[in-house]
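Breakdown of the fold
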Amino acid sequence: MSITHPVRTDVVVVGAGFTGIYMVHKAHELGLSVVGIERGQGVGGTWYWNRYPGLRCDVESLDYSYSFSEEIQQEWTWTEKFPAQPDILAYLEFVANKLDVTKDFRFNTEVTGAQWNEQTSRWLVATSAGEIDTKYIVWGTGILSTPKIPNIPGMDTFEGELLNTATWPHAPVSFAGKKVAVLGTGSSGIQVIPIAAETAEHLYVLQRTPSYSLPARNRPLAPERVAEVKARYGDYRAEARSSMLGAVTETLDQPFSVMGEDLARSELERNYEYGSPMRFASAVVDTIADDDANAFVSAFAKAKIRSRVNDPAIADKLIPDYRIATRRLCIDTNYYETFNRENVTLVDLRDEELIAMTPTGFTTTAGEYEVDMFILATGFDAVTGTLSRLDIRGRGGASLKEKWSHSPSTYMGLAVAGFPNMFVATGPGSPAPLSNVVVSIETHVEWIAGMLARLEADHVTSFEATAESEQEWTAHVNEVSDSTLMRFSDSWYTGTNVAGKPRVNVVYLGGCAPYEARLKEIAAEGYRGFTLTT
Ligand code: NAP
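These remarks concern the structure in this document.

Cut-offs used in this document
Residues numbered from 1 in each chain as written. Predicted model: local features only at pLDDT ≥ 70, side-chain atom pairs only at ≥ 80, totals over all residues. Heavy atoms only, no water. Pairing = 2+ DSSP bridges. Helix = DSSP H or I, 4+ residues; strand = E, 2+ residues; numbered from the N terminus. Axes fitted to C-alpha atoms, helices over the stretch in contact; angles between N-to-C directions. Buried < 20%, exposed > 50% of the residue type's maximum accessible area, 1.4 Å probe, protein only. Contact = heavy atoms within 4.5 Å. Near = heavy atom within 4 Å. Polar contact = N/O pair within 3.5 Å; in protein donor to acceptor, adjacent residues only side chain to side chain. Areas by Shrake-Rupley, 256 points an atom, 1.4 Å probe, with all protein chains shown as cover. Nonpolar A, V, L, I, M, F, W, Y, C, P; charged D, E, K, R; others polar. Domains from an automatic or database assignment. Expected span 1.5 Å × (residues − 1). Salt bridge = Lys/Arg side-chain N within 4 Å of Asp/Glu carboxyl O.

Another aspect to go through is the sheet that holds strand β15 (residues 367-370). Whether parallel or antiparallel, the strands of a sheet pair through hydrogen bonds between backbone atoms. Spatial strand order, β13-β14-β15: three strands in an open sheet with antiparallel pairing. Two strands in the sheet have a free side with no partner beyond their single neighbour: β13 (354-358) and β15. Recorded for the sheet is a direction-independent mean angle of 20° between the axes of neighbouring strands. Where β13 lies against strand β14 (residues 361-364), four bridges are found, and the strand directions are antiparallel. Bridge assignment links Ala 356 to a residue of β14, and that residue is Thr 363.

Turning to its location among the elements, Thr 167 is positioned in the loop between β7 (161-164) and β8 (179-183). A residue is classified by how much of its surface remains accessible, and Thr 167, at 42% relative accessible area, is partly exposed. It is 9.6 Å that separates the C-alpha atoms of Thr 167 and Thr 46, two residues lying 121 residues apart in sequence. Those residues within four positions of Thr 167 in sequence are excluded, and the remaining contacts are Trp 49 and Pro 147.

A few words now on unusual backbone geometry. Despite not being glycine, Asn 108 has its phi angle at roughly 55°, a positive value. Looking at the secondary structure, you find Asn 108 in the loop between β3 (105-106) and β4 (111-117). Look at Val 383: it is not a glycine, yet its phi comes out positive at around 65°. In this fold, Val 383 is placed in the loop between β16 (373-376) and α12 (385-388). Of the residues examined, Val 383 reaches a relative accessible area of 7% and is grouped as buried.

Attention now moves to the site of the ligand. The ligand sits among 25 residues. The nearest are Ser 188, Arg 208, Thr 209, Arg 327 and Trp 492. The contact in question runs from an oxygen atom of the ligand to an N or O atom on the backbone of Asp 58, over 2.8 Å. Between the ligand and Arg 328 there is a distance of 3.4 Å, counted from an oxygen atom to a side-chain nitrogen or oxygen. Across the complex, the protein chains shield 87% of the 910 Å² of accessible surface that the ligand would expose by itself. At three residues, the largest contribution of residues to the shell around the ligand is made by helix α5 (residues 187-199). For the shell around the ligand, the residue count by class is 10 nonpolar, nine polar and six charged. Two domains share the shell around the ligand, each providing at least three of its residues, namely domain 1 (7-145 + 382-462 + 490-505) and domain 2 (147-210 + 330-379).

Given a rise of 1.5 Å per residue, 13 residues ought to cover 18 Å, and the 18 Å separating the end C-alpha atoms of helix α16 (residues 512-524) matches this to within 8%. One or two residues past the end of α16 sits Gly 526, with phi positive at roughly 70°.

A word on the pattern of salt bridges. One pass over the full model with this rule turns up 40 salt bridges. The salt bridge partner of Glu 228 is Arg 225, with a shortest N-O separation of 3.1 Å. Of this pair, Glu 228 and Arg 225 both sit in helix α6 (residues 223-231), three residues apart, which is roughly one turn of that helix. The exposure class of Glu 228 is partly exposed, given its relative accessible area of 36%. Ionic pairing is found between Asp 332 and Arg 308, a salt bridge with its closest N-O pair at 2.6 Å. Remark: Arg 308 occurs in helix α10 (residues 291-308) and Asp 332 occurs in strand β11 (residues 330-332); sequence separation between them is 24 residues. Residue Arg 308 is classed as buried on the basis of its relative accessible area, which comes to 10%.

Mapped onto the fold, Ile 522 is located in helix α16. You can call Ile 522 buried: its relative accessible area is 1%. The spatial distance from the C-alpha of Ile 522 to the C-alpha of Met 412 is 9.8 Å, given a sequence separation of 110 residues. Filtering out sequence-adjacent residues up to four positions away, Ile 522 remains in contact with Tyr 411, Met 412, Trp 447, Tyr 527, Arg 528 and Phe 530.

Next up on the list: the environment of Asn 218. Locating Asn 218 in the fold gives a position in the loop between β10 (213-215) and α6. For Asn 218, a relative accessible area of 23% corresponds to the partly exposed category. Note: C-alpha distance between Asn 218 and Ile 331 (113 residues apart in sequence) is 9.7 Å. Sequence-distant contacts of Asn 218, that is, excluding residues within four places in its chain, are made with Arg 56, Glu 80, Lys 81 and Phe 82. At a separation of 2.8 Å, a polar atom in the side chain of Asn 218 contacts the side chain of Glu 80. Within polar-contact distance, the side chain of Asn 218 engages the backbone nitrogen of Phe 82 at 2.9 Å.

As structure tokens, then:
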């Protein structure tokens, strides 16, 4: 009988997206052995899986990229204001090759669970390709990596093409001459809908909750603009890192009560013309903090939507009735104008309920629709969904899934009491979901690497966030959230898009820069809030 021993390593990094690539590189720099695990066939993470036509990031390319290497940021050249998915994927492949980390990943490999061993103070990580015995584990599984599949009766009987924006096929998909339905009008739906409408015979947009969306005004990046930023990239990055959202927004930084309506309107107009959700949301700095400010900004955005739709009755249906920016503010190219086309029908699921899918289409309380293709753009079981599907067992066999089913609590959005030697990059309670996530990722990876260096130098065998520090941080995250209008948010920010999830804001709203300052203080104070065992 042959016995297979687990592979032994210092660090396991799960995920080959922005986090995993940089974390593996950092492990190399520290002289630690590292194994990366990735279920896709290549690097890219989010940008590997989501590849529907029209997908581009809503953070500008000059911001949405690593800042840690001057060589990389000088060598790579972005060509558009907002990067398209193929460009981001190509960028991540370029960085992974440049850092020589691709070889450290096991692709097509799924992690199924991880178990903390009290005796050895190490993790045993179970994967589809065998076990790995590791001192540390870093989850770089991202915030939007588990698609939410709606439970529509009869979905498995549909005989046409059933697609999901979050797991889009690698082979080209044609809408030409087809009757197509898109379910979901969040960021993903809003991007794929105008493209599908261009060639589909007919497009049905199934909307339950309308989103606020702004024209992206995507355009080629002028070479002079790229050169200008590259010439001072260090300063540009520092400005982004010292901001609330992790990106340069050029805000006046004044609350609505100080600005007054005229200035607020002209700042909203300026940022609307620029085209950027972060800039628009920062134009009136207390948009998600003050009801009057929010009402003013919401009214501005509603009027803009109305101006883009020919039929006022359809415009009424497309205009949201919730406070702007308490759900994701979207950007689009011709989204609202798509509803002016003859071949597009808005199916408002608030007027007619979606009952079922059939072999040839779908039925609502208003009737039957025949379609050849049905696209799910229904979002994600975000932030905690991926790790909660794995069997992760910490001290005393405690289950992470069970723990987070009550409250997704962490210390500083990256460590969990009861789960020693484990980091959750961009975890619940970090600013990541509302920030330029690359900045949030760099903040986490660099801080984790700093802590690993210290642990190794001091021969620490295990570290763990204390229950008190976790409780205090989670209470602070909730307190900040409750002091804003985000307490009214029904979305993946608060887990309400998935049945059975606790209603808790998973985003730390205190801002990127204050958050990083706090992390630095914790490190400077000998990793306050952690127990270190030597
Ligand atoms: P999402 O924002 O959660 O939107 C999902 C949509 O599907 C919503 O309209 C939702 O309606 C609808 N839906 C879900 N289940 C449904 C059901 N059973 N019946 C009817 N409608 C249903 O998901 P997403 O569009 O994939 O975006 C998720 C996040 O990914 C974004 O917030 C953003 O952070 C990121 N993203 C970014 C970009 C970009 O950078 N441009 C692009 C894509 C995604 P309800 O609200 O009524 O549930």
